[in-house]
Amino acid sequence: MLQKKYTPPPLAEIHEDEYSTVCSRFSTNIIRWYNENKRELPWRGATDPYTIWVSEIILQQTRVNQGYDYFLRFIERFPDVRTLAEAHEDEVMKYWQGLGYYSRARNLHAAAKSMNGAFPDTYEGIIALKGVGEYTAAAICSIAYDMPYPVVDGNVFRVVSRYMGIETPIDSGRGKKEITGWANRLIDRKCPALYNQAIMDFGALLCTPKSPGCAECPLAAGCTALANGTVSKLPVKKNKTKITNRYFNYIYVHAGEYTYIRKRAEDDIWKNLFELPLIETSRAVTEEELTALPEFRNLIAGNESPVIKLSLRQVKHVLSHRVVYADFYEVTLPEETRSFAAYKRIKKNEMNQYAISRLVQIFLEKK
Ligand code: SF4
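Since the structure is predicted, the reported quantities are computational estimates derived from the model, not experimental observations.

### Observations regarding the overall build of the protein chain
Piece 1. Looking only at helices and strands, the protein chain has 15 helices and seven strands in total.
Piece 2. Principal-axis analysis of the C-alpha atoms places the extent of the protein chain at approximately 80 × 55 × 30 Å.
Piece 3. Looking at the protein chain residue by residue over its 367 residues, the buried ones come to 50%.
Piece 4. Once local pairs closer than 6 in sequence are excluded, the contacts in the protein chain between residues at least 24 apart make up 67%.
Piece 5. Within the structure as shown, the protein chain displays about 18,700 Å² of accessible surface, and the carbon and sulfur contribution to it stands at 50%.
Piece 6. If the 49 positive side-chain charges of the protein chain are averaged to one point and the 43 negative ones to another, these points end up 4 Å apart.

This is the structure:
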């Protein structure tokens, strides 16, 4: 027999008493679950907005395990707004090296400089900070100041869309509005800090994208997706992210004890990180094709027969919207070469003083 699909009544049709019961059952169960299952994290228990801000920015595009040590090192070196504001951006980038999404570090630094030593204490003041969006502002306001702003991130989208059985695509304006509307109703206004941390951990640990723990879930009795057998289909997304391929040809110069680097200044991935001389091509090219390019001839101008060695080929580096395929060449030139004039000349053993991308770091470790 076909099971009748359960559709929750629209908000307007839920009686106020029933609606409060649904919301309070949801938050009570989530908070109880959290008290027994929460993750031990270095920023847990912090109520200082600076620490919460740094942890939330690190976690924006980084898994907790990966961000853990970065957070500890960052907070040790930059323990407060003033220390961060007074640091040089190159040093901040160095502390971020390997974490990816480097605009986060640039924005943290710029925002710290804009604060005049005091962290803002209103939602409006916090959301005006560079690099802070609605989610981060809600996390800081609730955890630091116990203000009832619900966090709405990927975890919350998933939990709420499954629990309420919302099939509107979450990457549509209507879907965002619907989930945000529910998030505003579901938040426990008496303890927003606890509730927000609870729903984030619940989504990260139990109501996971694949294989959620429905059998042990304290919300199972009221979960619409579980009742309808649609857990694996929710949340719905209409647009798949388009991935583009890029082809980088890096050149590591040996000029005696010297080599060449430059800071990436363009509005592109890895902005303000240092890198080796680079020629980007529209497809993978052979050594003969690369060395015949005018860009390559310009770089080595004045050295007609450099010694070239292909050191690493087709290193695949996956970013969120791009896949970079990189070839690394080692080029040996006389120590007093006048090539690479547009680049910064440094001693090879000083390379570790500069913030570089993980991709270049992989080459330096392997070569
Ligand atoms: S029952 Fe399953 S899908 Fe529903 S909230 Fe719990 S873990 Fe998520």
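### Focus: the packing of aromatic side chains
Piece 1. Enumeration over the complete set of coordinates arrives at 18 aromatic pairs.
Piece 2. When the centroid spacing of 5.0 Å and the interplanar angle of 15 degrees are considered together, the rings of Tyr250 and Phe328 count as stacked. Taken together, the residues span a long stretch of sequence, with Tyr250 in strand S1 (residues 244-254) and Phe328 in strand S6 (residues 322-332) at a distance of 78 residues.
Piece 3. Residue classification places Tyr250 among the buried positions, given a relative accessible area of 0%.
Piece 4. Here a set of aromatic residues connected by ring pairs shows up, and it is made of Phe248, Tyr250, Tyr252, Trp270, Phe328 and Phe363.

### Concerning the site of the ligand
Piece 1. If you check the shell around the ligand, you find Arg162, Cys207, Cys214, Cys217, Ala220, Cys223, Leu226 and Val231 and nothing else.
Piece 2. Tallied by class, the residues present in the shell around the ligand amount to seven nonpolar, no polar and one charged.

### Quick look at the environment of Ser282
Piece 1. With respect to the secondary-structure elements, Ser282 resides in the loop between strand S4 (278-281) and helix H13 (287-292).
Piece 2. Separated by 34 residues in sequence, Ser282 and Phe248 place their C-alpha atoms 8.9 Å apart.

### A short note on the side chain of Thr281
Piece 1. Tracing the sequence through the fold places Thr281 in strand S4.
Piece 2. In contact with Thr281, other than residues within four places in its own chain, are Tyr247, Asn249 and Leu293.

### Points about the packing of helix H2 (residues 49-59) against helix H3 (residues 64-77)
Piece 1. Running from N to C, H2 and H3 point in directions that differ by 140 degrees, and their axes come no closer than 9 Å. The angle between H2 and H3 places the two elements in the oblique class. Handedness of the H2/H3 crossing: right-handed. Contact residues: H2 offers Tyr50, Thr51, Val54, Ser55, Ile58 and Leu59, while H3 offers Val64, Gly67, Tyr70, Phe71, Phe74 and Ile75.

### What to know about the domain arrangement of the protein chain
Piece 1. The assigned domain composition of the protein chain is domain 1 (11-233) and domain 2 (244-366).
Piece 2. Counting from both sides, the interface comprises eight residues of domain 1 and, opposite them, 15 residues of domain 2.
Piece 3. Here domain 1 packs against domain 2, burying approximately 920 Å² in sum over the two surfaces, 48% of which is carbon and sulfur.
Piece 4. Between domain 1 and domain 2 we count one salt bridge in total.
Piece 5. Ionic pairing is found between Asp90 and Lys263, a salt bridge with its closest N-O pair at 2.8 Å.
Piece 6. Run the count over domain 1 and domain 2 and you get six residue pairs in polar contact (both at pLDDT 80 or more).
Piece 7. Ranked by residues supplied to the side of domain 1 that touches domain 2, first place goes to helix H5 (residues 89-96) with four residues.
Piece 8. Among the residues making up the side of domain 1 that touches domain 2, the classes are represented as three nonpolar, one polar and four charged.

### Describing helix H15 (residues 358-366)
Piece 1. By the burial criterion, the buried members of H15 are Leu359, Val360, Ile362 and Phe363. In an axial view of H15, the angular spread of the buried residues amounts to 155 degrees, which keeps them on one side of the axis.
Piece 2. The secondary structure elements touched by the buried residues of H15 are S1, strand S5 (307-318) and S6.

### A short note on the environment of Pro277
Piece 1. You can see Pro277 is positioned in the loop between strand S3 (274-275) and S4.
Piece 2. In the structure, Pro277 is positioned 194 residues away from Thr83 in sequence and 33 Å away in space, judged by C-alpha atoms.
Piece 3. Contact partners of Pro277, with chain neighbours within four places excluded, come to Asn249, Tyr250, Ile251, Tyr260, Leu299, Phe340 and Tyr343.

### Some thoughts on the pairing of S6
Moving residue by residue along a regular strand, the side chains alternate between the two faces of the sheet.
Piece 1. S6 sits mainly inside the fold: nine of its 11 residues count as buried.
Piece 2. Here 11 bridges tie S1 to S6, and the two strands are oriented parallel to one another. By the bridge assignment for S6, Asn249 is matched with Asp327.
Piece 3. Taking the residues between adjacent antiparallel strands as the criterion, S5 and S6 are bridged by three residues.

### Overview of the pairing of S5
Piece 1. Where S5 and S6 come together, nine bridges link them in antiparallel fashion. Opposite Val315, over in S6, you have Ala326 as the bridge partner.

### Description of helix H6 (residues 103-114)
Piece 1. Taking 1.5 Å as the rise per residue, H6 with 12 residues should run 16 Å; its terminal C-alpha atoms sit 16 Å apart, in good agreement.
Piece 2. Every buried residue belonging to H6 is among Arg104, Ala105, Arg106, Asn107, Leu108, His109, Ala111 and Ala112, and all of these are buried.
Piece 3. Here the buried face of H6 lies against H2, H3, helix H4 (81-86) and H5.
Piece 4. Positive backbone phi, at 55 degrees, marks Asn116, one or two positions downstream of H6.

Parameters and conventions
Residues numbered from 1 in each chain as written. Predicted model: local features only at pLDDT ≥ 70, side-chain atom pairs only at ≥ 80, totals over all residues. Heavy atoms only, no water. Helix = DSSP H or I, 4+ residues; strand = E, 2+ residues; numbered from the N terminus. Buried < 20%, exposed > 50% of the residue type's maximum accessible area, 1.4 Å probe, protein only. Contact = heavy atoms within 4.5 Å. Areas by Shrake-Rupley, 256 points an atom, 1.4 Å probe, with all protein chains shown as cover. Lys, Arg positive; Asp, Glu negative; His and termini not counted. Charge placed at Lys NZ, Arg CZ, Asp CG, Glu CD. Phe/Tyr/Trp six-rings, centres within 6.5 Å; stacked < 30°, edge-to-face > 60°. Near = heavy atom within 4 Å. Nonpolar A, V, L, I, M, F, W, Y, C, P; charged D, E, K, R; others polar. Axes fitted to C-alpha atoms, helices over the stretch in contact; angles between N-to-C directions. Parallel < 35°, antiparallel > 145°, perpendicular 65-115°, else oblique. Left-handed = near helix turned anticlockwise from the far one by under 90°. Domains from an automatic or database assignment. Buried area = accessible area lost by both parts, 1.4 Å probe. Salt bridge = Lys/Arg side-chain N within 4 Å of Asp/Glu carboxyl O. Polar contact = N/O pair within 3.5 Å; in protein donor to acceptor, adjacent residues only side chain to side chain. Arc of directions from axis to C-beta. Pairing = 2+ DSSP bridges. Expected span 1.5 Å × (residues − 1).

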